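Coordinate inspection notes
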Amino acid sequence: MHDLAGGFRYLLAGQRWVLRHGRWLGFGLLPGLVSLALYAGALIGLGYGADDLTAWATPFADDWAAPWLGLFRGFLTALFFGLGLFLAVITFTAVTLLIGQPFYESLSEQVDRSEGGEVPESGLPLWRELWISARDSLKVLGRVVLYGAGLFVLGFVPVVGQTVVPVLGFCVSGYFLTQELTAVALQRRKMELPERLVLLRSRRLLVLGFGVPLVLAFLVPLVAVFLMPGAVAGATLMARDLMRSDEQPAPDATPAGFGPPPPAFP
């Protein structure tokens, strides 16, 4: 539970950082606004076409009597839209980070600079950074799709599909969302995706404490855009401390005035 609260403190610390540095808040909003327009159009299209998609996928039910046909297809339509929303929440960050790579990398560097110590730079040309970011995001997205497909199937299980599955969905979303956000800072530290995954797995509850509240907030229209700069800042603060604790204990490391960080697992 201590790590869960610690992850949330990093999220708050990042939001406080961008509020104290207003220029960087405005700077970080631009990629989110572009992504929001793209995803809003996609979700509106899915909302209008979900009924037709369900009917196309279930021709065997055309002759079912009322009300079973309506109930069955209505349930599937809700599941299709829920899956689309789940994928949108996950991929929104990846696409926004890809669009805003130069913006968020500069923001992350500024967070490192303001907190003192080393300010790593990738030293790679922009096209190379974009390629690595896109490649790693696709790998993470592949894992997300596998989890999403499994949760989609479990959604048909009575009771479990309406209780346990949504909770698992938020946890999976939060976990992968944090992976994407910390990639900005960890990629600058020349840490490859497999190493990043190992690092984050060592502090799963910390990762969930950061990512799950962010996923819940992202469900509110426009909130994702305004929270993204602070989320990148908070993920940078968390990545700094994770790297430090991975090398040696750092009891004096403090995320933006929120007290000592949660202790690393033995």
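**Structural notes on the overall build of the chain**
Within the chain, the regular secondary structure consists of 9 helices and 0 strands. Listing each helix as α and each strand as β along the chain from the N terminus yields α-α-α-α-α-α-α-α-α. For the chain, with 266 residues in total, the buried portion stands at 45%. Counting only contacts in the chain whose residues sit at least 6 apart along the sequence, the fraction spanning at least 24 positions is 79%. With the model as given, the accessible surface of the chain reaches about 13000 Å², and the carbon-plus-sulfur share is 71%.

**Quick look at the side chain of Ser35**
With respect to the secondary-structure elements, Ser35 resides in helix 2 (residues 22-57). Within the local environment of Ser35, its side chain forms a polar contact with the side chain of Thr96, the two groups lying 2.9 Å apart. Once residues lying within four places of it in the same chain are set aside, the contact partners of Ser35 are Phe92, Val95, Thr96 and Ile99.

**Side note on the nonpolar core**
Core analysis: the largest hydrophobic core is formed by 44 residues, its most contacted members being Leu181, Phe210, Leu214, Met228 and Val232. Put simply, the parts of the chain that give this core at least two residues each are helix 1 (2-20), helix 2, helix 3 (68-99), helix 4 (101-115), helix 6 (160-188), helix 7 (193-201), helix 8 (204-218) and helix 9 (223-247). Broken down by element, this core gets its largest block of residues, 12 residues, from helix 9. With residues up to four places along the chain from it excluded, the contact list for Met228 reads Phe92, Thr93, Thr96, Leu97, Tyr104, Leu181 and Phe218. Listed in part, the 9 residues of the second largest apolar core include Phe86, Val172, Phe176 and Leu197.

**Structural notes on helix 6**
Helix length check: helix 6, at 29 residues, gives a terminal C-alpha distance of 41 Å against a target of 42 Å (1.5 Å per residue), a fit within 8%. Along its length, helix 6 shows its largest kink, about 40 degrees, at Thr182. Remark: Lys190 follows helix 6 within two positions and exhibits a positive phi of approximately 60 degrees.

**Re the confidence of the model for the chain**
Per-residue pLDDT for the chain averages 79, and the proportion of residues at 70 or more is 89%. Confidence drops under pLDDT 50 across residues 249-254; counting only partners more than four residues distant or on other chains, this segment forms 11 contacts. Within the model, the stretch residues 256-266 combines pLDDT values under 50 with 34 contacts to residues more than four positions away or in other chains.

**Looking at the packing of helix 6 against helix 7**
A pair of packed helices is captured by two measures, namely the crossing angle of their axes and the spacing between those axes. Remark: helix 6 packs on helix 7, axes separated minimally by 10 Å, with the N-to-C direction vectors making an angle of 120 degrees. The pairing of helix 6 with helix 7 is recorded here as oblique in orientation. Seen from above, helix 6 lies across helix 7 with right-handed handedness. Facing helix 6, whose interface residues are Tyr175, Gln179, Thr182, Ala183, Leu186 and Gln187, helix 7 presents Arg196, Leu197, Leu199, Leu200 and Arg201. Looking at side-chain class alone, the contact of helix 6 with helix 7 contains 6 nonpolar, 3 polar and 2 charged residues.

**Here's the deal with the environment of Arg204**
Relative to the helices and strands, Arg204 is located in helix 8. Taking relative accessible area as the criterion, Arg204 reaches 46% and is therefore assigned partly exposed. For the pair Arg204 and Leu4, spaced 200 residues apart in sequence, the C-alpha to C-alpha distance is 8.8 Å. Within the structure, Arg204 has its side chain in polar contact with the backbone oxygen of Arg201 (distance 3.4 Å).

**What about the pattern of salt bridges?**
Under the criterion given, the structure shown has 4 salt bridges. The partner of Arg203 in a salt bridge is Asp3, with the nearest N and O atoms 3.0 Å apart. One end of the pair, Arg203, is in the loop between helix 7 and helix 8; the other, Asp3, is in helix 1, with 200 residues separating them in the sequence. Its salt-bridge partner being Asp112, residue Arg240 comes within 3.0 Å of it at the nearest N-O pair. Within this pair, whereas Arg240 is found in helix 9, its partner Asp112 is found in helix 4, the two being separated by 128 residues in sequence. Through salt bridges with shared partners, a single network forms among Asp112, Arg188, Arg189 and Arg240.

**Here we look at a positive patch on the surface**
Positive charge collects at one region of the surface, where Lys139, Arg143, Arg201 and Arg204 lie side by side. Tracing the sequence through the fold places Arg201 in helix 7.

**What to know about unusual backbone geometry**
Positive phi values are uncommon outside glycine, yet Lys190 reaches one of about 60 degrees. Position of Lys190 relative to the elements: it lies in the loop between helix 6 and helix 7. Exposure remark for Lys190: the relative accessible area of 57% places this residue in the exposed category.

Rules used in this analysis
- Residues numbered from 1 in each chain as written.
- Predicted model: local features only at pLDDT ≥ 70, side-chain atom pairs only at ≥ 80, totals over all residues.
- Heavy atoms only, no water.
- Helix = DSSP H or I, 4+ residues; strand = E, 2+ residues; numbered from the N terminus.
- Buried < 20%, exposed > 50% of the residue type's maximum accessible area, 1.4 Å probe, protein only.
- Contact = heavy atoms within 4.5 Å.
- Areas by Shrake-Rupley, 256 points an atom, 1.4 Å probe, with all protein chains shown as cover.
- Polar contact = N/O pair within 3.5 Å; in protein donor to acceptor, adjacent residues only side chain to side chain.
- Core = buried A, V, L, I, M, F, W, Y, C linked by side-chain atoms within 4.5 Å.
- Expected span 1.5 Å × (residues − 1).
- Bend = angle between axes of the 7 residues up to and from the residue.
- pLDDT = per-residue confidence, 0-100.
- Axes fitted to C-alpha atoms, helices over the stretch in contact; angles between N-to-C directions.
- Parallel < 35°, antiparallel > 145°, perpendicular 65-115°, else oblique.
- Left-handed = near helix turned anticlockwise from the far one by under 90°.
- Nonpolar A, V, L, I, M, F, W, Y, C, P; charged D, E, K, R; others polar.
- Salt bridge = Lys/Arg side-chain N within 4 Å of Asp/Glu carboxyl O.
- Patch = residues over 30% accessible without salt bridge, like charges linked within 9 Å, V, L, I, M, F, W, Y side chains within 5 Å.
- Lys, Arg positive; Asp, Glu negative; His and termini not counted.
- Charge placed at Lys NZ, Arg CZ, Asp CG, Glu CD.

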